[in-house]
Amino acid sequence: MQTHYSDLLVIGAGLAGERVACEAAQNGFKATCLSIVPARRSHSSAAQGGMQAALGNCAKGDGDCPDVHFIDTVKGSDWGCDQEVARLFADTAPIEMRRLAHWGVPWNRVVPGKSTFFKGGEKFEKYEKDENEGLITARSFGGTAKWRTCYTSDGTGHAVMCTMDNRCAELGIDVFDKKEAVSLIHDGETCTGAVVRCLRTGELEVFLAKATAICTGGFGRIYKATTNAVICDGGGHIIAHDTGVVPIGNPEAIQFHPTGIVPTDILVTEGCRGDGGTLLDVNEERFMNIYEPDKAELASRDVVSRWMTHHMRQGKGVKSPYGEHLWLDIRHLGNEHISTKLREVDEICHHFLGVDPRHELIPVRPTQHYTMAGIRTDKDGSAYGLKGLFSAGEAACWDMHGFNRLGGNSLAETVVAGGIIGAKIVEFLKGYETTFNTQTINQAVIKQRERIENLIRGKNGRLNVYEVRNEMQEALMKGCFVFRNQQGLEECVETLQGTLDKAKRVGLVSDGTGPNYELAAALKIKGQVRLALCIAQAALQRTESRGSHNREDYPERNDKDWLNRTLAYWPENADMPELSYEDTTAKFEIPPGDRGYGGGTIIPADEGYVRDRTVESPVNELGTKK
Amino acid sequence: MGRQLEFEIFRFNPQKQGDVPRMQTYVLEETTNMTLFIALNRLREEQDPSLVFDFCCRAGICGACAMVINGRPGLACQTKTKDQPGKITLHPLPVFKLVGDLAVDTGVWFREMYDKTESWVHTSRTFDPAAQEERMDNAVAEQIYELERCIECGCCVSACGTARLREDFMGAAALNRIARFVVDPRDQRTDSDYFEIIGNDNGIFGCMGLLACEDVCPKGLPLQNQLGFLRRKMGITAIKEIFRK
């Protein structure tokens, strides 16, 4: 068996993982990255929009600064975030964007002079200043006070991913692809690496390290309908959670997007609705104007997703072999608009549906999009529970997103958090030595080898992994999706308990040799169902509505009882997660208030509690810059 | 009821003792808007869990699912079954090392290419976190991005006559990569530096000009233009070198 050794082992080689690795390598430490796919195929590369950073270079970004970015982020999180982390993030983002420019990202730049832009279907003019020519420019995104989203045409994630991977090559970092971590090596207190399955040969290998960072992205694939890549299946969360001592933070915080196309759930941009597209039901009639007379299709992501789900529940969905959906209609926008302003949508319709959006309707449904939930870390990125274990990016609940993430903040987080946490890991490595216990390592390997053999031989049963997975995905879609209520969540928990039992009795149909995918699926099914149970149980307990977590039976945001973060542990041999809670933030720069959108009532927090934690800040308590 | 699609799929698991390469036939009923992503996953989940193939983004962005579809390299995720005949033949990409069935090892090939082309901005400047960013012309930024759109799917390499004949040929993806740095003002390498890398039969002079690379590129990259651009530039560099001697 091969054993690899490094100072830092990074599991996941997307933007967060590679950024962490670069920081360690630049400081003279040996960093190794593992990835299921070649690094540039990471889901980071699929992000088209951009990265938020308050550079304030473009005309509509005039007057922007990290304080305003901080305010937007805290409001966006529905006061669910750690404000110290949001502050760290907003202050560092501009530096990281400039660093990326230095490393080679071809950011779009300010072009001086007059130009036009669209807002709500109306045309406006803007003037870019001569003195800002050639500086990094920005575009507009939902939920932000200023134009702040740095971008590279329609392929920001791809461009930044290329640059980051180039940087890894330059620094000589070993990035091993087709390697999947199947368990952490730990003694209950300290993490010393991972047991890894090679996806070329099927062999097990051991990667030992002084520090291990999990940067494996989100786990959208445990839902049936998700915009996530097929690799976003929770592998990193599962190996951390499996230790029994590392909690998942805010598992109930899952974001949904209204317009994933059916069947493949690829995202079509919010711009369709922004430019005047409408949503239609099975009778090809509009419905958003009934539920939201003022904003109709232009209400916020969660609101539109909610009403779409409601409308389908009323029997107005379109039946298809892939489940029910609704229609998005952009036919009336005309050929010119679709060919120019919505080119990407046109291409998606053409390539993946064979639909011409000029004459045909686009099948859409609300779709899982982002996991604010993740491996709970402190503000240094250090995971709760195990020394030497870190996490960054979407995999982590570092917690700058709280209960709702703003567009452009996820891609920015990967790199900004990767830099900050990478530097903290360097600090950790500088003052740290560890010993590798051969018994602990052997036991970890033997345990995985036994699991694999048992699955191949069907020792625990012969249930089909894909059927069990489908049952889990459907349970989440039914009870734990856009809308939640007590009855639905109780049913969901009950179903998932049955599913967990089945997950323990899975066996392979194929022989499992070599790069076998059924085995990969079978190895993580139990962990996936556990994650699903964490979501459902945490959502059942949280009797309020905050950000993306929406309880029909508790529509108000309850700061009095729920200004806290869920921690979901899974002790060894337990049948259900153990939930505990901690304060959302140790310090308030902005005391809890109204987000300014989404409506809803707030049950206020205890005044003394808030007053004691409120600190001196460049922003005032109304959430504006002083 | 939809068509009964017949899939003829290349099978070989190099890790399995005694396994031999062969074609295997599967039948699947076509559904609305079916792509090869949907079809192959259904085959694996409902009929044959031993099938090996790669998908990642399934949205034409990452390049994981390139394979030879009815004789032509392309992305399986954006291939709709309704555009194909009732019988669909699938092979793995040639040139790259076979992982199993339809999956090939593009990762190692491309990583070696980064090392050969030194695929990063070469600069003596250091980053100053306190300073404003260096300015760049927006048109130049867009030009760089146009060349950086390569998703490393490997279609161009597997469709290349020279690459099929010679293992050491760098292929269109590598030449496109060099072009990306040539147009980037941040990269301080000179034309002679680039000539060292690609001014030989493994690089620009190995191309037979069959144009298949550009024909099959799912991103529509101007691969032949880049080759022409580099050949002219390198030709001039070569002549300058001769006269200097």
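Everything in this summary refers to the structure shown in the same document. In this convention, every chain numbers its residues from 1, walking through the sequence in written order. Here chains are named by letter from A upward and ligands by number from 1 upward, in the order in which they appear as written. The predicted nature of this model means local features are confined to residues of pLDDT at least 70 and side-chain atom pairs, given and counted, to a pLDDT of 80 or more, with totals for whole chains, interfaces and linings taken over all residues. To get the side-chain values, take all heavy atoms of the structure and skip hydrogens and water.

## Brief notes about the overall build of chain A
Every helix listed is a DSSP run of H or I at least four residues long, and every strand listed is a run of E at least two residues long, numbered separately from the N terminus. A tally of helices and strands in chain A yields 17 helices and 22 strands. Here the radius of gyration uses the C-alpha set of atoms, whereas the globule reference equals 2.2 Å times the residue count to the power 0.38. Taken over the C-alpha trace, chain A has a radius of gyration of 24 Å; the compact-globule value for 626 residues is 25 Å, and the two agree within 12%. The principal-axis extents of the C-alpha atoms in chain A amount to approximately 70 × 55 × 55 Å. Across the 626 residues of chain A, 64% fall into the buried class. Contact between two residues is taken to exist if any of their heavy atoms lie within 4.5 Å; hydrogens are not considered. Partitioning the contacts of chain A with sequence separation of at least 6, the portion at a separation of at least 24 is 72%. Accessible area of chain A: about 21800 Å², with a carbon and sulfur share of 47%. Note on charges: Lys and Arg go in the positive column, Asp and Glu in the negative column, and His and the chain ends are not counted at all. Charged side chains are reduced to one point each, which is NZ for Lys, CZ for Arg, CG for Asp and CD for Glu. A gap of 2 Å separates the mean positions of the 72 positive and 85 negative side-chain charges of chain A. Summary of the burial criterion: residues with accessible area below 20% of their type's maximum are buried, those above 50% are exposed, and those between are partly exposed, where the area comes from a 1.4 Å probe applied to protein chains only. We get accessible surface area from the Shrake-Rupley algorithm with a probe of 1.4 Å; when it comes to residues, only the shown protein chains can shield them.

## Let's talk about the overall build of chain B
Scanning chain B from terminus to terminus reveals 9 helices and 7 strands. Evaluated residue by residue, chain B yields a buried proportion of 57% over its 245 residues. Residue pairs at least 24 apart in sequence account for 63% of intrachain contacts in chain B once pairs closer than 6 positions are excluded. Accessible surface for chain B amounts to roughly 10700 Å². Of this, 50% is attributable to carbon and sulfur atoms. Taken as two groups, the 30 positive and 34 negative side-chain charges of chain B have centres that lie 2 Å from each other.

## Quick notes on the interface of chain B and chain A
The interface of chain B with chain A comprises 72 residues on the first partner and 80 residues on the second. The term buried area denotes the loss of accessible surface (1.4 Å probe radius) that occurs when two parts are joined, taken as the sum for both partners. Around 5900 Å² of area is buried between chain B and chain A when both sides are counted, 53% of it from carbon and sulfur atoms. Throughout this description, the term salt bridge denotes a Lys or Arg side-chain nitrogen within 4 Å of a carboxyl oxygen of Asp or Glu. Linking chain B to chain A there are 6 salt bridges. A 3.5 Å cut-off defines polar contacts: any pair of N or O atoms within that distance qualifies, except that in protein one atom must be a possible hydrogen donor and the other a possible acceptor, and neighbouring residues in sequence count only when both atoms are side-chain atoms. If you look at where chain B meets chain A, you find 43 residue pairs in polar contact (both at pLDDT 80 or more).

## Quick word on the pattern of salt bridges
Residue and element names in this part refer to chain A. Overall, the coordinates contain 71 salt bridges over all chains when judged by the stated rule. Residues arginine 87 and aspartate 67 are paired through a salt bridge, measuring 2.8 Å at the closest nitrogen-oxygen approach. With arginine 87 in helix α3 (residues 83-103) and aspartate 67 in helix α2 (residues 66-76), the pair connects residues that are 20 residues apart, well separated along the chain. Each member of the pair, arginine 87 together with aspartate 67, is buried. Between arginine 99 and glutamate 96 there is a salt bridge, with the nearest N and O atoms lying 3.3 Å from each other. Residue arginine 99 and its partner glutamate 96 are located together in helix α3, separated by 3 residues, close to a single helical turn. Like glutamate 96, arginine 99 is buried.

## Digging into the side chain of arginine 405 of chain A
All names here are of chain A. Its location among the elements puts arginine 405 in the loop between β18 (396-397) and α11 (409-430). We note that arginine 405 is buried and unpaired, the nearest opposite charge coming from glutamate 394 at a distance of 6.5 Å. Looking at arginine 405, its side chain comes within polar contact range of the side chain of serine 410, at 3.2 Å. Arginine 405 has contacts with Gln255, Arg301, His369, Tyr370, Met372 and Ser410, leaving out every residue within four places of it along the chain.

## Digging into the nonpolar core
With 112 residues, the main nonpolar core has Ile330 and Ile362 of chain A together with Phe7, Ile9, Leu40, Leu90 and Ile198 of chain B as its most contacted residues. The contact partners of phenylalanine 7 of chain B, leaving out residues within four places of it in the chain, are Gln24, Thr25, Tyr26, Leu28, Leu36, Ala39, Leu43, Ile88 and Leu90 of chain B. Core analysis: the second largest hydrophobic core is formed by 53 residues, Ala13, Val20, Val105 and Ala213 of chain A among them. Take the buried residues of types Ala, Val, Leu, Ile, Met, Phe, Trp, Tyr and Cys, join any two whose side-chain atoms come within 4.5 Å, and each joined set is a nonpolar core.

## Some details on the sheet that holds strand β13 (residues 278-280) of chain A
Residue and element names in this part refer to chain A. The strand order across the open sheet built from 4 strands is β12-β15-β14-β13, with neighbouring strands paired in antiparallel fashion. Either end of the sheet is taken by a strand with one partner, and the two such strands are β12 (254-261) and β13. Each neighbouring strand pair of the sheet contributes to a mean axis angle of 45°, computed without reference to strand direction. By this definition, two strands are paired if DSSP reports at least two bridges between them. Pairing of strand β14 (residues 326-329) with strand β15 (residues 362-371), which is carried by 3 bridges, proceeds in the antiparallel orientation. Working convention: axes come from line fits to C-alpha atoms, limited for helices to the stretch in contact. Angles between N-to-C directions cover 0 to 180 degrees.

## Things to note about helix α15 (residues 517-541) of chain A
Residue and element names in this part refer to chain A. When the terminal C-alpha atoms of α15 are compared, their 36 Å separation across 25 residues agrees well with the 36 Å that a helix rising 1.5 Å per residue should span. The angle separating two fitted axes, one through the seven residues that finish at a residue and one through the seven that start at it, defines the bend at that residue. Its maximal kink placed at isoleucine 525, α15 deviates by approximately 45°. The element α15 is extensively covered by neighbouring structure, given that 21 of its 25 residues are classed as buried. You can read the cap of α15 off the contacts: a side-chain oxygen lies 3.0 Å from the backbone nitrogen of glutamate 518, and it is on asparagine 516. The span you would expect from a helix comes to 1.5 Å times its residue count less one.

## Description of the sheet that holds strand β4 (residues 72-75) of chain B
Across a sheet, paired strands are connected by hydrogen bonds in the backbone, their directions being either parallel or antiparallel. Residues and elements named next belong to chain B. Pairing in this open sheet of 5 strands is mixed, and the strands run β2-β1-β5-β3-β4 from one edge to the other. If you trace the sheet from one side to the other, it starts and ends with β2 (22-29) and β4, each paired once. This sheet shows a mean twist of 35° between the axes of neighbouring strands, independent of strand direction. Of the pairings in the sheet, the one linking strand β3 (residues 66-69) to strand β5 (residues 87-91) comprises 2 bridges and is antiparallel in character. Across the sheet, the residue bridging to isoleucine 69 is leucine 90, located in β5. Taken strand by strand, helix α1 (residues 36-47) contacts β1 (4-11), β2, β3 and β5, and its axis lies near 100° from that of β2.

## A look at the side chain of glutamine 537 of chain A
With respect to the element layout, glutamine 537 of chain A can be found in helix α15. Setting aside anything within four residues of it in sequence, one finds glutamine 537 of chain A in contact with Val493, Met576, Pro577 and Leu579 of chain A.

## A closer look at the packing of helix α1 (residues 15-26) of chain A against α11 of chain A
All names here are of chain A. Relative to each other, α1 and α11 sit at 30°, their axes nearing to 7 Å. Viewed along their axes, α1 and α11 adopt a mutual orientation that is roughly parallel. The hand of the α1/α11 crossing is right-handed. Residue-level inspection shows Leu15, Ala16, Arg19, Val20, Glu23 and Ala24 of α1 in contact with α11, the latter providing Leu411, Thr414, Val415, Gly418, Gly419, Gly422, Ala423, Ile425 and Val426. Residues were grouped as follows: Ala, Val, Leu, Ile, Met, Phe, Trp, Tyr, Cys and Pro as nonpolar; Asp, Glu, Lys and Arg as charged; and all remaining residues, including Gly, as polar. Of the residues belonging to the contact of α1 with α11, the class tally is 9 nonpolar, 4 polar and 2 charged. Throughout, the term roughly parallel applies to angles under 35 degrees, roughly antiparallel to angles over 145, roughly perpendicular to angles from 65 to 115, and oblique to all others. Helix crossings fall into two classes, left-handed where the near helix is turned counterclockwise from the far one by less than a right angle and right-handed where it is turned clockwise.

## Brief notes about the pairing of strand β6 (residues 97-100) of chain B
All names here are of chain B. In this sheet, strand β7 (residues 103-105) lies alongside β6 in antiparallel orientation, the contact comprising 3 bridges. The residue bridging glycine 100 from the neighbouring strand is alanine 103, located in β7. Between β6 and β7, which pair antiparallel in sequence order, lie 2 residues; one of them, aspartate 101, sits at a positive phi of approximately 45°.

## Here's the deal with a nonpolar patch on the surface
Residues forming no salt bridge and having over 30% relative accessible area are the ones grouped into patches, like charges within 9 Å of each other and nonpolar side chains (Val, Leu, Ile, Met, Phe, Trp, Tyr) within 5 Å. Nonpolar side chains collect at one region of the surface, where Leu165, Met208 and Leu210 of chain B lie side by side and expose about 350 Å² of accessible area between them. Within the secondary structure, methionine 208 of chain B sits in the loop between α7 (191-198) and α8 (212-216).

## Here we look at unusual backbone geometry
Residue proline 263 of chain A is bonded to the preceding valine 262 of chain A through a cis peptide linkage, with omega at 15°. Here proline 263 of chain A is to be found in the loop between β12 and α6 (271-274). Although it is not a glycine, aspartate 399 of chain A adopts a positive phi angle of roughly 85°. Even without being a glycine, arginine 58 of chain B presents a positive backbone phi close to 50°. Counting through the fold element by element, arginine 58 of chain B comes out in the loop between α1 and β3.

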